[in-house]
Number of protein chains: 4
Amino acid sequence: MPHSAIESSSALLEHFRATRARSSFLVDPLAAEDMVVQSMPDVSPTKWHLAHVTWFFETFVLREFVQNYEVFDRQFEVLFNSYYETVGRMHPRAERGLLSRPTVEEVFRYREHVDCAVEELIASIDRCSEADALEIQRRLEIGLHHEEQHQELLLMDIKHVLGSNPLKPAYRPELPGPDASETRPLRMLDHDGGLVEVGHRAGSGFSYDNEGPRHEVYLRPFRIADRVVTSGEWLEFMDDGGYERVDLWLADGWSWAQNEGVRAPLYWRHDGDQHLVYSLAGEQPVDEATPVVHISYFEADAFARWAGKRLPTEFEWEAMAATKLRSGERPTGRMLGVGSDACHPRSALGSDEQWFGDLWEWTGSAYLGYPGFRPLEGSLGEYNGKFMSGQFVLRGGSCVTPNGHLRISYRNFFYPKQRWAFAGLRLAEDTD
Amino acid sequence: MPHSAIESSSALLEHFRATRARSSFLVDPLAAEDMVVQSMPDVSPTKWHLAHVTWFFETFVLREFVQNYEVFDRQFEVLFNSYYETVGRMHPRAERGLLSRPTVEEVFRYREHVDCAVEELIASIDRCSEADALEIQRRLEIGLHHEEQHQELLLMDIKHVLGSNPLKPAYRPELPGPDASETRPLRMLDHDGGLVEVGHRAGSGFSYDNEGPRHEVYLRPFRIADRVVTSGEWLEFMDDGGYERVDLWLADGWSWAQNEGVRAPLYWRHDGDQHLVYSLAGEQPVDEATPVVHISYFEADAFARWAGKRLPTEFEWEAMAATKLRSGERPTGRMLGVGSDACHPRSALGSDEQWFGDLWEWTGSAYLGYPGFRPLEGSLGEYNGKFMSGQFVLRGGSCVTPNGHLRISYRNFFYPKQRWAFAGLRLAEDTD
Amino acid sequence: MPHSAIESSSALLEHFRATRARSSFLVDPLAAEDMVVQSMPDVSPTKWHLAHVTWFFETFVLREFVQNYEVFDRQFEVLFNSYYETVGRMHPRAERGLLSRPTVEEVFRYREHVDCAVEELIASIDRCSEADALEIQRRLEIGLHHEEQHQELLLMDIKHVLGSNPLKPAYRPELPGPDASETRPLRMLDHDGGLVEVGHRAGSGFSYDNEGPRHEVYLRPFRIADRVVTSGEWLEFMDDGGYERVDLWLADGWSWAQNEGVRAPLYWRHDGDQHLVYSLAGEQPVDEATPVVHISYFEADAFARWAGKRLPTEFEWEAMAATKLRSGERPTGRMLGVGSDACHPRSALGSDEQWFGDLWEWTGSAYLGYPGFRPLEGSLGEYNGKFMSGQFVLRGGSCVTPNGHLRISYRNFFYPKQRWAFAGLRLAEDTD
Amino acid sequence: MPHSAIESSSALLEHFRATRARSSFLVDPLAAEDMVVQSMPDVSPTKWHLAHVTWFFETFVLREFVQNYEVFDRQFEVLFNSYYETVGRMHPRAERGLLSRPTVEEVFRYREHVDCAVEELIASIDRCSEADALEIQRRLEIGLHHEEQHQELLLMDIKHVLGSNPLKPAYRPELPGPDASETRPLRMLDHDGGLVEVGHRAGSGFSYDNEGPRHEVYLRPFRIADRVVTSGEWLEFMDDGGYERVDLWLADGWSWAQNEGVRAPLYWRHDGDQHLVYSLAGEQPVDEATPVVHISYFEADAFARWAGKRLPTEFEWEAMAATKLRSGERPTGRMLGVGSDACHPRSALGSDEQWFGDLWEWTGSAYLGYPGFRPLEGSLGEYNGKFMSGQFVLRGGSCVTPNGHLRISYRNFFYPKQRWAFAGLRLAEDTD
């Protein structure tokens, strides 16, 4: 995860400012009221995100490396700690929406306070010992990736907050709608299998601990689709009774769907004779060429079974995606911000195979540690390893994923019933 | 409930404006964020109250008596209906805090829209038929009492929202603290019992349907305290193991207290060696002379048993209070607003017996209909009668009760476990 | 509650033996498997009842008055205590059905052990001090009434256990079916109201603490039906949308009925085009002349509103019933046993007004203490007083109520949603 | 799964009778009451197991291959279907303990009825077509393995029923206690890793669908312990605060342990200054040399982290176990029955490495399908594949596992919080 060379302090400063500014940009269209609400326990209020990522810098950088650093508010430690149980007490996750204070304005003052102190620290980093400088840089880097992760969560969460409101308010009504009305026919790509290397190659840029160590796995020959599943294909599944046929479903998925009354992807609504879907640009008719998103693992798995196929493993996905990237190339994203107005996945057009930057793809792999996996030391080690039970891996990265998070070894993970991520699926099958 | 004479339209207008203005005054110190949160299912967000009382005028007055009235927003009907099930669909009560929209600003625009239309209607009331004029006036009167009820709820609710926050922000930090440090010794007042008349006397001003008909009840001789129970006396109860002695408690109360971990009144917090209490002015040490409030019926009942006494019935309370009011006199309150800075109950000072305007007093009477009770016709009849199971009556009126609600026949009611009202107790006993 | 004269020891012995024998008779048709099951938290397994009433004699009589009494099994104290929290720890009520041991056979050995010791104590009662003899007699009397109460519960509970089984096994298939096919037209009886005495008259035989003190209440003139509501009338209510019309229901009742999917009385089942009802004799078509039973307070209250009437208060019920009993007369029951094969309420035939021994009648009175109510001292005082919140009073006594429990002052009580008692309703109304 | 050769009908008959007889043998010490209780939703009543395995033969063999077969009771189909959702309606799993009927005696009559019919079918199998004969044989074989699985469940379940009872009754008090008081020091065995074959080899005897296809996996060098973890070692973990140190636990495990108050393995009880453990022979002091069992995956995982090691993957386990079995050898078990009195795992004595027949060992592998996995066709395909989410694999087989289920490729699976299986752990680590 660490990389060896010391970044120049001006590059670091620029990176810091750009990331922090993007968070502000993202909340720009929101009213204060929008930033308070927690529409389900998985969701955090917008202002909580803004404060929590700030708390992260304060706790793991400022309080450890700045002498006489004045903590902004001692009580924020309890309010804005998320899951670092070794750091101290926490406000219960499911009650984040019960806090009207600090107000959004106070949170922004908190951000300014911490930004000032971090920028001063960066400016004076040359006066630190090399060990400290490296560690500060490493932690800032983690902190920035952490903030980027929360930028994606922030968009997922605010979509859920607004999308749960019967008024269906748009986050940014000016965002463009679907980009195509026709779908390219699906083609299965062949892979020979065999021993392949997977995981992050140490020393080749930032990664999380769970992406390594790089290691070999043995794959049987397989085929994997050259695009993801579309909303039109999902409608066929629904029309064919996909949500009513118990034989298509995992046992836990079936009971989940029955208990929750799940009959369509999240954000879909049946109105008279048409299907509507809520996006960050507001509610619109379902566009058949657009990839289906906001489905659970259970639904993805049932669809694949219905289609006579299966989900790829995370290594099959990675092996094939590797053939698509030139050596050392990193995929580019299109997260909302300067120069991008993305708010939903693109349709498969031309040669676009949608491997990166449109949606997270459920794989059939449980989220577990790689052989030889070692979590980071100390509290930062609570980051990834402690979630290794009951979840599945998703690969690729979505239209709301920050650029820096799009990489071939990135392992996202969710419980099989969670749907508020921009997640869909790509089909795979055995080569007979 | 209705009274016969037609109020002058200017008096009506003044009443309408004053009541609506008080709602605005009450939310003045709040941030937009404060007005969104629902800290428990019993609580409603401030902006919900502001919109709901407005919806009441729109639905029961404007839509029925103003030709071509333009509804502000059709969807508000679902969002801001509370429990008038016969009127139509409702947004689930427990999910009111999940709505960030309409924003506070939009709610105020809604209020203005409705205020304009109501004021126009009042101005033109002389042109209506007498029957219509009377009915409009009657409904406006109900609507204003309804808004006043919600003003008390609004203060109860915002106290709960802010008081649940670990930061313990004050609603109005400038409000004065406790007014005394010594308690007058408690004296038991004697009443001879016998046949007494209780309930609202038809034709003597506004009342709710549940306050009548006036009727006779037969009382045995009893004694009732000349003041309410203080926080100091409550501390004695706690020190004597009041919360640990099962023999003092009703069965449902005991299991409630165990399940919820109740060990002190709501808003009390033990910090080191002192007891703190949250009030609308912020957190302060418990003042022993101040009446105890924010207790459940279960706690009040257990305290009375511990004290070797009992709660009065609602009729005992009313019979004794009647001897304290000169004929036709109405008690005056001191709700926060122009000329009052009340935010907690006063101590018993001088001859003050605290019958009205300090706190609601739990009685030992179940909330049921009086003999001959008839609810109002139609949707407005859903107001009171449908809650007649499982609740207990409270009498008196609290420091956050609007003036117009302080009357000897007023019957407030809550479930025996509810604590967020400004409710305490007065002791009674049989005369042997 | 106590009565003064000392019963002869042979009469006491006979009473003891007869009551204990009836419990054995009642479980005769059951398999061991039937006696283990707890079909809902309100229900207790049959063998729990058999052991609990025995534990009562062991704890409150034998352990206190028999020197060197050898407790049968120390662990039974935890298992078979019910709610006497002051006596010690208890096995959780909702987990009574998780205990396979002690087996039914062991429970019967427990009963024999205690029976022997009690019979010896009775035989030697003359050697006790008079104070002790009186107290022993008083406690045995309470214990026998306690066992009789549990005999009714046992039948209610086993009906629920067997009636919940899809196989619908009969408790006693040989029991006779409905006794009539036509209903007498309902007539309203007039009562003038005024000051009436209610409650148990001290010194006139056994009663529970909650039946006194006898006291005066002031009643307005009222009318009350000369028979209870029939299943045929209930079908009219159902056909008229009684379960779908929110305006007929209390708020808590409506939400209960919606959450539980209540659309008919308990034990009714719709099969094709007929309504079936499960009785202790098995499943049969609903007989229209038979009283409706196994309804909640909420349903009874909604029915009365639908019928344009109301439920009587418990004092109206008692005042009218008093006019039906000759002075000092006690009603006779017909509980299953020697000489009776009753297992459901009789239809109103001839002059039978069904005041006693057919079904419990919901009244509109909350279950609270009478003026001057004093619970028994010590653990036995936990019997009745601690349930005085949230419940309603039922009067009369049912076809499974032991004879000794049929008296005009008897106050049964249940939560308004409970339905497994043999409870129905009688209509009342104000005299205009 | 199927094997090709047709078994002789006499061998088949003998196998059938022996398996069915063992079920009867296992319930021999139980009272009827024991066989009714469901002590938690995971547990089924004993008589349900006895009926369910019988229903399996009736449904999948008799009703399909015996002309004019007379179904014993049509309603049993709903009561004793377990999870074959494609077969029809089911009685809810969590309510199996609410059924007192059919009684144990009736269930045994059901078994006799089906046994007769199956034995007749076997006797006449030669008269079937070869396809039918093969299919009948295949289904009987599945049915017998199914019954054997339920024999293990039956013992797990009855242990839970009896062990949850405060009386702690023994299943068979005559069963022998612990067999050793000293533990062999733990030694780590080395494996070189590389490409290894895992999974069931087609054609080599019975297996379930989830054990294949046999395939290659690539392993890094690893070390694995030569025995399982003992109760004494578990006490060290407890003494070292293992249950209080959040850093040792998976996030879901920590919240599970806090919510459930887990502080020791299931069936352990702290009494004064000693630890007691309930076994099928009754409650006894914890024996330090005995393997720890009845722990969750979460606990096993926390222990391994505490010990500075990890759980093996299922393939590491299989690879090392393979080196311990001579080619083609099958491990032998010691399930309770003729010639065995096992009721808890043996200590590691002499050269015993405890790979088979003592306890199930949690592995770090999620329960998912092997590459190329195909479930059986039709309803029987619901057997294993539909549970492939959220569970972990266990290997080895326990002291209550039938002989026929001990094989190197067998994959047991449970949710990570489940503890009522005889499950413990064996440590592993990377070879540096």
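Residues numbered from 1 in each chain as written. Chains lettered and ligands numbered in written order. Predicted model: local features only at pLDDT ≥ 70, side-chain atom pairs only at ≥ 80, totals over all residues. Heavy atoms only, no water.

Draft legend 1. Molecular detail of the overall build of chain A. Counting its secondary structure elements, chain A contains 9 helices and 12 strands. The C-alpha radius of gyration computed for chain A amounts to 22 Å, which stays within 12% of the reference 22 Å derived for 432 residues, consistent with globular compactness. With the C-alpha coordinates aligned to their principal axes, the bounding extent of chain A is approximately 65 × 55 × 40 Å. Counting over 432 residues, chain A shows a buried share of 62%. Roughly 16400 Å² of accessible area belongs to chain A as shown, and the carbon and sulfur atoms make up 48% of that amount. Here chain A contributes 44 positively and 67 negatively charged side chains, and the mean placements of these two sets differ by 2 Å. (Helix = DSSP H or I, 4+ residues; strand = E, 2+ residues; numbered from the N terminus. Rg over C-alpha atoms; globule rule 2.2 N^0.38 Å. Buried < 20%, exposed > 50% of the residue type's maximum accessible area, 1.4 Å probe, protein only. Areas by Shrake-Rupley, 256 points an atom, 1.4 Å probe, with all protein chains shown as cover. Lys, Arg positive; Asp, Glu negative; His and termini not counted. Charge placed at Lys NZ, Arg CZ, Asp CG, Glu CD.)

Draft legend 2. Structural context of the interface of chain A and chain B. On the chain B side, the residues contacting the 27 residues of chain A number 28 residues. In terms of surface lost to chain B, no three residues of chain A exceed E33, R101 and L167 of chain A, which account for 31% of the buried area on that side. Linking chain A with chain B are 2 salt bridges. In this structure, R101 of chain A and D34 of chain B form a salt bridge, with 2.6 Å as the shortest nitrogen-oxygen distance. The tally of links from chain A across to chain B stands at 10 residue pairs in polar contact (both at pLDDT 80 or more). Put simply, the parts of the chain that give the side of chain A that touches chain B at least two residues each are α4 (104-123) and α5 (130-163) of chain A. By residue class, the composition of the side of chain A that touches chain B is 14 nonpolar, 8 polar and 5 charged. (Contact = heavy atoms within 4.5 Å. Buried area = accessible area lost by both parts, 1.4 Å probe. Salt bridge = Lys/Arg side-chain N within 4 Å of Asp/Glu carboxyl O. Polar contact = N/O pair within 3.5 Å; in protein donor to acceptor, adjacent residues only side chain to side chain. Nonpolar A, V, L, I, M, F, W, Y, C, P; charged D, E, K, R; others polar.)

Draft legend 3. Region of interest: the side chain of R419 of chain C. All names here are of chain C. In this structure, R419 sits in the loop between β10 (412-414) and β11 (423-424). Residue class for R419 comes out buried when judged on its relative accessible area of 14%. Within the structure, the side chain of R419 is placed 3.0 Å from the side chain of E299, a separation counted as a polar contact. In this structure, R419 is in contact with W256, V262, A264, P265, L266, H294, I295, S296 and E299, ignoring residues within four places of it in sequence.

Draft legend 4. Quick peek at the interface of chain C and chain B. Contacts between chain C and chain B engage 33 residues on the former and 33 residues on the latter. Taken together, both faces of the contact between chain C and chain B bury some 2400 Å²; the carbon and sulfur share is 58%. Considering only the surface of chain C that becomes buried against chain B, Y218, R220 and S389 of chain C emerge as the three largest contributors, covering 20% of it. In this assembly, chain C and chain B are joined by 6 residue pairs in polar contact (both at pLDDT 80 or more). Every element with two or more residues in the side of chain C that touches chain B is listed here: β3 (215-219), α7 (251-260) and β8 (360-366) of chain C.

Draft legend 5. Just the packing of aromatic side chains, in detail. Scanning the model with the defined rule gives 116 aromatic pairs over all chains in all. Each member of the aromatic cluster is reached from another via a ring pair, and the members are W234, F237, Y243, W249, W254, F303 and W306 of chain A. Residue placement shows R172 of chain B over the ring face of F25 of chain B; its charged tip is 4.6 Å from the ring centre. Taking the ring centre of W355 of chain B as reference, the NZ or CZ of R426 of chain B above it sits at 3.7 Å. (Phe/Tyr/Trp six-rings, centres within 6.5 Å; stacked < 30°, edge-to-face > 60°. Lys NZ or Arg CZ within 6 Å of the ring centre and 35° of its normal.)

Draft legend 6. Just the relation of the copies chain C and chain B, in detail. Of the transformation placing chain C onto chain B, the axial shift is 0.0 Å and the rotation is 180°, giving an RMSD of 0.0 Å. Interpreted geometrically, this transformation is the action of a two-fold axis. Nearest to the rotation axis, the C-alpha of G390 of chain C is located 2.2 Å from it, this being the minimum over chain C. When the interface residues of chain C are mapped onto chain B, 100% of them again fall at the interface, so both copies present the same face. (Least-squares fit on C-alpha atoms with pLDDT ≥ 70 in both.)

Draft legend 7. Quick look at the relation of the copies chain A and chain B. Superposing chain A onto chain B takes a rotation of 180° plus a shift of 0.0 Å along the axis, which leaves an RMSD of 0.0 Å. Taken together, the interface assignments show that 100% of the residues at the interface of chain A recur at the interface of chain B, consistent with an identical surface on both copies.

Draft legend 8. Here's a closer look at the sheet that holds strand β11 (residues 423-424) of chain B. Residues and elements named next belong to chain B. Read from one edge to the other, the open sheet built from 4 strands follows the order β10-β9-β8-β11, with strand pairing classed as mixed. The open sheet has two edge strands, β10 (412-414) and β11, and neither has a second partner. In this sheet, β10 lies alongside strand β9 (residues 392-395) in antiparallel orientation, the contact comprising 3 bridges. Across the sheet, the residue bridging to L394 is N412, located in β10. (Pairing = 2+ DSSP bridges.)

Draft legend 9. Broad picture of the pairing of β9 of chain B. All names here are of chain B. Along β9, one buried face is formed by F392 and L394 and the opposite face, lined by V393 and R395, is buried too. Alignment of strand β8 (residues 360-366) against β9, held across 3 bridges, turns out to be antiparallel. Of the residues in β9, the one forming a bridge with W362 is L394.

Draft legend 10. Region of the structure containing the pattern of salt bridges. All chains considered together, the criterion is met by 121 salt bridges over all chains. Here E244 of chain C ties to R263 of chain C by a salt bridge, and the two come within 4.0 Å at their closest N and O atoms. Of this pair, E244 of chain C sits in the loop between α6 (231-239) and α7 while R263 of chain C is found in the loop between α7 and β5 (268-271), placing the two residues 19 residues apart along the sequence. According to the relative accessible area criterion, E244 of chain C is partly exposed, its value standing at 49%. Given a relative accessible area of 39%, R263 of chain C falls into the partly exposed group. A salt bridge links E119 of chain D to R17 of chain D, with the shortest nitrogen-to-oxygen separation between them at 2.8 Å.

Draft legend 11. Here's a closer look at helix α5 (residues 130-163) of chain D. Taking 1.5 Å per residue, 34 residues should reach 50 Å; α5 of chain D reaches 49 Å between its end C-alpha atoms and fits that length. Counting buried positions along α5 of chain D yields 27 of 34 residues, so the element is predominantly enclosed. (Expected span 1.5 Å × (residues − 1).)

Draft legend 12. Molecular detail of the sheet that holds strand β11 (residues 423-424) of chain A. Strands sit in the order β10-β9-β8-β11 (chain A) across an open sheet of 4 strands; the sheet is mixed. Each edge of the open sheet carries a strand with a single partner, namely β10 (412-414) and β11 of chain A.

Draft legend 13. Spotlight on the environment of Y69 of chain D. All names here are of chain D. Locating Y69 in the fold gives a position in the loop between α2 (46-65) and α3 (76-80). For the pair Y69 and S207, spaced 138 residues apart in the sequence, the C-alpha separation amounts to 29 Å. Those residues in contact with Y69 that lie beyond four places of it in its chain are E58, L62, R63, H113, V114 and A117. There is a polar contact of 3.3 Å between the side chain of Y69 and the side chain of H113.

Draft legend 14. Quick look at unusual backbone geometry. With an omega of -5°, the peptide bond running from R101 of chain B to P102 of chain B counts as cis. Topologically, P102 of chain B is positioned in the loop between α3 (76-80) and α4 (104-123). Of note, the bond from G212 of chain B into P213 of chain B is cis; its omega dihedral lies within 30 degrees of zero at 0°. Relative to the elements of secondary structure, P213 of chain B occurs in the loop between β2 (194-198) and β3 (215-219). If you check the backbone angles, K168 of chain C has positive phi at about 50° while not being a glycine. By the secondary structure assignment, K168 of chain C is in the loop between α5 (130-163) and β1 (188-191). Unusually for a residue other than glycine, N68 of chain D sits at a positive phi of about 60°. Among the residues examined, N68 of chain D registers a relative accessible area of 76% and is labelled exposed.

Draft legend 15. The pairing of strand β5 (residues 268-271) of chain B, seen in detail. Residues and elements named next belong to chain B. Where β5 and strand β6 (residues 274-279) come together, 4 bridges link them in antiparallel fashion. The residue bridging W268 from the neighbouring strand is V277, located in β6. Linkage of β5 to β6, two consecutive antiparallel strands, is achieved through a turn of 2 residues, within which G272 is found at a positive phi near 65°.

Draft legend 16. Geometry of the arrangement of the chains. Note that chain A does not reach chain C: the shortest distance linking a C-alpha of one to a C-alpha of the other is 14 Å. Between chain B and chain D there is no contact; the minimum C-alpha to C-alpha separation amounts to 14 Å.

Draft legend 17. Quick peek at a nonpolar patch on the surface. Nonpolar side chains collect at one region of the surface, where L195 and Y218 of chain B together with L195 of chain C lie side by side and expose about 240 Å² of accessible area between them. Classification of L195 of chain C by relative accessible area gives partly exposed; the value is 39%. (Patch = residues over 30% accessible without salt bridge, like charges linked within 9 Å, V, L, I, M, F, W, Y side chains within 5 Å.)

Draft legend 18. Representation of the side chain of T103 of chain A in the model. Relative to the helices and strands, T103 of chain A is located in the loop between α3 (76-80) and α4. Sequence-distant contacts of T103 of chain A, that is, excluding residues within four places in its chain, are made with K47 of chain A together with A31 and E33 of chain B.

Draft legend 19. Local environment of the packing of helix α1 (residues 9-27) of chain B against helix α5 (residues 130-163) of chain B. All names here are of chain B. The N-to-C vectors of α1 and α5 enclose an angle of 15°; their axes lie 10 Å apart at closest approach. The orientation of α1 with respect to α5, classified from their angle, is roughly parallel. Like other packed secondary-structure pairs, α1 and α5 cross with a definite hand, here left-handed. Side by side, α1 and α5 meet where L12, H15, F16, T19, R20, R22, S23, L26 and V27 of the first sit next to Q137, L140, L144, E147, E148, Q151, L154 and L155 of the second. Partitioned by chemical class, the residues of the contact of α1 with α5 number 8 nonpolar, 5 polar and 4 charged. (Axes fitted to C-alpha atoms, helices over the stretch in contact; angles between N-to-C directions. Parallel < 35°, antiparallel > 145°, perpendicular 65-115°, else oblique. Left-handed = near helix turned anticlockwise from the far one by under 90°.)

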